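Chain by chain, the residues run as shown.
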Amino acid sequence: MIRGMLSTIYVDLTDTGDAADLQSLYEQFYANEQFVDVMPASSSPETRSVRGANQLRIALYKPQPKKLVVLSVQDNLVKGAAGQAVQNMNLMFGFSENAGLAGIGLLP
């Protein structure tokens, strides 16, 4: 692993709803969030795909009827600290949310 953070989150569901419904719910909820990427069904996020970016990638799995597994990756030095501070400052001062965050946050 180059750098970043991979989180595996286990959720106990109260309903046995369809996995496609959950995928659709996440996609709709994050549709307008430019720094959140809900990955296609049956895919896995990789930390190298968010290296130096203010991006969070999420993948969903439903291995059992009442269990949801959420995988997420982020570069904890960008999205987790500095990038999050810049994003919040942009929102507080009325700037575009992605101002200063479009470039890759790495030296050569």
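Report follows, based on the coordinates.

How each quantity is defined
- Residues numbered from 1 in each chain as written.
- Predicted model: local features only at pLDDT ≥ 70, side-chain atom pairs only at ≥ 80, totals over all residues.
- Heavy atoms only, no water.
- Phe/Tyr/Trp six-rings, centres within 6.5 Å; stacked < 30°, edge-to-face > 60°.
- Buried < 20%, exposed > 50% of the residue type's maximum accessible area, 1.4 Å probe, protein only.
- Helix = DSSP H or I, 4+ residues; strand = E, 2+ residues; numbered from the N terminus.
- Polar contact = N/O pair within 3.5 Å; in protein donor to acceptor, adjacent residues only side chain to side chain.
- Contact = heavy atoms within 4.5 Å.
- Core = buried A, V, L, I, M, F, W, Y, C linked by side-chain atoms within 4.5 Å.

A few points about the packing of aromatic side chains
So, point 1. Within this structure, the stated rule accounts for three aromatic pairs.
So, point 2. Centre to centre, the rings of Phe29 and Tyr30 are 4.9 Å apart; their planes meet at 85°, and the pair counts as edge-to-face.
So, point 3. Among the residues examined, Phe29 registers a relative accessible area of 62% and is labelled exposed.
So, point 4. Through successive ring pairs, a cluster of aromatic residues spans Tyr26, Phe29 and Tyr30.

Let's talk about the side chain of Asp75
So, point 1. Along the chain, the position of Asp75 falls in the loop between β4 (67-74) and α2 (78-92).
So, point 2. A distance of 3.0 Å separates the side chain of Asp75 from the backbone nitrogen of Leu77, its partner in a polar contact.
So, point 3. Discounting chain neighbours no more than four positions away, the residues touching Asp75 are Arg3, Gly4, Val50, Arg51, Gly52, Ala53, Gln55 and Gly80.

Quick look at the nonpolar core
So, point 1. Leu13, Leu22, Val36, Leu56, Ile58, Leu60, Leu68 and Val70 together form the largest nonpolar core, which totals eight residues.
So, point 2. Where this core is concerned, the elements lending two or more residues are β3 (56-64) and β4.
So, point 3. A total of three residues in this core trace back to one element, the largest contributor, which is β3.
So, point 4. Setting aside chain neighbours within four positions, we find Leu60 in contact with Leu22, Gln23, Tyr26, Leu68, Val69 and Val70.

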